[in-house]
Amino acid sequence: LSNSDRPLSALRALCEHIPIDLVFLDPAGMAAEAEFAEMEAFCRPLRWVVVNNANLPNHAGWVREHLLSQGGAWAEVLSGRTLDLF
């Protein structure tokens, strides 16, 4: 579907009225696939994507791989781990 043919969603409405340049994603598996597609299409200028738990099976690693496969449009600037005290 072209952008004009997509149904209006709350996320699309927000992104079309407020410039969004950073998103933080921590989905389980493909849970955020539709939302991420909306962010890519309508949230501009989307410049920063923070992907949490990208190394865990069935989590958001697909977002990292998708962005890095865009022919140099995206770069990984930080990777590592965080300490969870709980």
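For the structure, check the block above.
Let me sum up the structure you'll find in this document. Throughout, a residue's number is its position along its own chain's written sequence, starting from 1. Two thresholds apply to this predicted model, a pLDDT of at least 70 for residue-level local features and 80 or more for giving and counting side-chain atom pairs, whereas whole-chain, interface and lining totals are computed over all residues. In computing side-chain properties, one takes all heavy atoms of the structure into account and sets aside hydrogens as well as water.

### Let's talk about the packing of helix α1 (residues 10–17) against helix α2 (residues 33–42)
Stage number 1. Between N-to-C directions, angles cover 0 to 180 degrees, with each direction set by a line fitted to C-alpha atoms, over the stretch in contact for helices. By definition, any uninterrupted DSSP run of H or I lasting at least four residues is a helix, any uninterrupted run of E lasting at least two residues is a strand, and each is numbered from the N terminus. Following both chains from N to C, one finds α1 and α2 inclined at 25°, their axes separated by 10 Å at the closest point. Viewed along their axes, α1 and α2 adopt a mutual orientation that is roughly parallel. The two elements α1 and α2 meet at a crossing, and its hand is right-handed. Facing α1, whose interface residues are Leu-11, Arg-12, Cys-15 and Glu-16, α2 presents Glu-35, Glu-38, Met-39 and Phe-42. Should an angle lie under 35 degrees it is considered roughly parallel, over 145 roughly antiparallel, and from 65 to 115 roughly perpendicular; all remaining angles are considered oblique. Definitions for this section: a left-handed crossing has its near helix turned counterclockwise from the far helix by less than a right angle. A right-handed crossing has that turn clockwise. Should any heavy atoms of two residues lie within 4.5 Å, those residues are counted as being in contact.

### A few points about the pattern of salt bridges
Stage number 1. The term salt bridge refers to a pairing of a side-chain nitrogen on Lys or Arg with a carboxyl oxygen on Asp or Glu at a separation within 4 Å. With the rule as written, the count across this model stands at three salt bridges.
Stage number 2. With a closest N to O distance of 2.3 Å, Arg-64 and Glu-65 form a salt bridge.
Stage number 3. On the accessibility criterion, Arg-64 (29% relative accessible area) is partly exposed.
Stage number 4. A salt bridge links Glu-76 to Arg-64; its shortest N-O distance comes to 2.8 Å. On the criterion of sequence distance, the pair formed by Glu-76 in the segment after α3 (61–68) and Arg-64 in helix α3 is long-range, its members being twelve residues apart.
Stage number 5. A 1.4 Å probe rolled over the protein chains alone gives each residue an accessible area, and that area as a share of the maximum for its type sets the label: buried under 20%, exposed over 50%, partly exposed in between. A residue is classified by how much of its surface remains accessible, and Glu-76, at 40% relative accessible area, is partly exposed.
Stage number 6. Counted as one network, the salt bridges with shared partners bring together Arg-64, Glu-65 and Glu-76.

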